[in-house]
Amino acid sequence: MEDLAPLPIIPRGFGGSNMNDLRHFAPRVILPYKPRAILIYEGDNDIASGQSPQAIREAFDGLAGTIRKTLPKTRIYVISIKPSPARWDKWPQMMRANGLLKEACSKGRFMTFVDVGPAMLGQDGRPKPEIFGPDGLHIHRPLGARVLP
């Protein structure tokens, strides 16, 4: 959270979640806080569990609608699904889902799609192994390292 200082951060992420989970729990984990901005990272677990890119888009559209009803001017930042060594076989589907999420953001007010994929791929076009932990899925960040310059 220190990476985003001095912005006040309310961490409400939960491991293993998917877009439908976030949509379901939004009234409890997002709306009561009336945030100025929301960062969403979902889709990785969705694809891994067999959800289609279109199903992710539909769940996102529902989530965005829920947020807009209560928080019409809250900014929504959608972080793209990341490429990872552990789920490299799923990358084509993840890219399709990313395209649909990017499209959704381009059509909505106060929505931005943040594509992290290119920065995570090496010159060979595959995920950079040094940025991942031993499981090849979760991002490894040495103690004291900063994500933002």
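Q: Can you lay out the side chain of Glu42 for me, pointing to particular residues and giving the numbers?
A: Mapped onto the elements of the fold, Glu42 is located in the loop between β1 (37-40) and α2 (44-48). The buried charged residue Glu42 lacks any salt bridge, with Arg87 as its nearest oppositely charged partner at 9.1 Å. For Glu42, the side chain forms a polar contact with the side chain of Ser17, separated by 2.7 Å. A polar contact is formed between the side chain of Glu42 and the backbone nitrogen of Asn18, at a distance of 3.4 Å. When residues no more than four places from it in sequence are discounted, the contact partners of Glu42 are Ser17, Asn18, Met19, Leu22 and Ile81.

Q: Describe the sheet that holds β1, naming the residues involved and giving the relevant values.
A: With respect to topology, 3 strands assemble into an open sheet ordered β1-β2-β3, the strand pairing being parallel. With partners counted over all chains shown, the strands left at the sheet margins are β1 and β3 (111-114), one partner each. Neighbour-to-neighbour, the strand axes of the sheet open up by a mean angle of 15 degrees, direction not taken into account. Bridge count between strand β2 (residues 75-79) and β3: 4 bridges; the pairing is parallel. Bridge pairing in β3 places Tyr77 opposite Thr112. Taken strand by strand, helix α3 (residues 53-70) contacts β1, β2 and β3, and its axis lies near 160 degrees from that of β2.

Q: An account of the side chain of Thr74 is requested, with residue identities and associated values reported.
A: Positionally, Thr74 belongs in the loop between α3 and β2. If we skip the residues at most four places from it in the chain, Thr74 touches Pro35, Arg36, Ala37, Ile38, Arg68 and Phe110.

Q: Tell me about the confidence of the model for the protein chain, and please be specific about residues and values.
A: Considering every residue of the protein chain, the mean pLDDT works out to 91; 91% of them sit at 70 or more. Mean pLDDT values over the elements of the protein chain span from 94, in helix α5 (residues 117-120), up to 98, in helix α4 (residues 91-107).

Q: Before we move on, could you go through the packing of α3 against α4 and cite the residues and values that matter?
A: Relative to each other, α3 and α4 sit at 30 degrees, their axes nearing to 8 Å. Our classification of the angle between α3 and α4 gives roughly parallel. The chirality of how α3 crosses α4 is right-handed. Contacts between α3 and α4 involve Pro53, Gln54, Ile56, Arg57, Phe60 and Asp61 from the former and Gln93, Arg96, Ala97, Leu100, Leu101, Glu103, Ala104 and Cys105 from the latter. Across the contact of α3 with α4, the residue classes break down as 8 nonpolar, 2 polar and 4 charged.

Q: Describe unusual backbone geometry, with residues and values.
A: Note: most peptide bonds trans; most residues except glycine with negative phi. The phi angle at Lys34 is positive, at roughly 45 degrees, despite the residue not being glycine. Structurally, Lys34 is set in the loop between α1 (19-29) and β1.

Reading the values: rules and limits
Residues numbered from 1 in each chain as written. Predicted model: local features only at pLDDT ≥ 70, side-chain atom pairs only at ≥ 80, totals over all residues. Heavy atoms only, no water. Helix = DSSP H or I, 4+ residues; strand = E, 2+ residues; numbered from the N terminus. Buried < 20%, exposed > 50% of the residue type's maximum accessible area, 1.4 Å probe, protein only. Lys, Arg positive; Asp, Glu negative; His and termini not counted. Salt bridge = Lys/Arg side-chain N within 4 Å of Asp/Glu carboxyl O. Polar contact = N/O pair within 3.5 Å; in protein donor to acceptor, adjacent residues only side chain to side chain. Contact = heavy atoms within 4.5 Å. Pairing = 2+ DSSP bridges. Axes fitted to C-alpha atoms, helices over the stretch in contact; angles between N-to-C directions. pLDDT = per-residue confidence, 0-100. Parallel < 35°, antiparallel > 145°, perpendicular 65-115°, else oblique. Left-handed = near helix turned anticlockwise from the far one by under 90°. Nonpolar A, V, L, I, M, F, W, Y, C, P; charged D, E, K, R; others polar.

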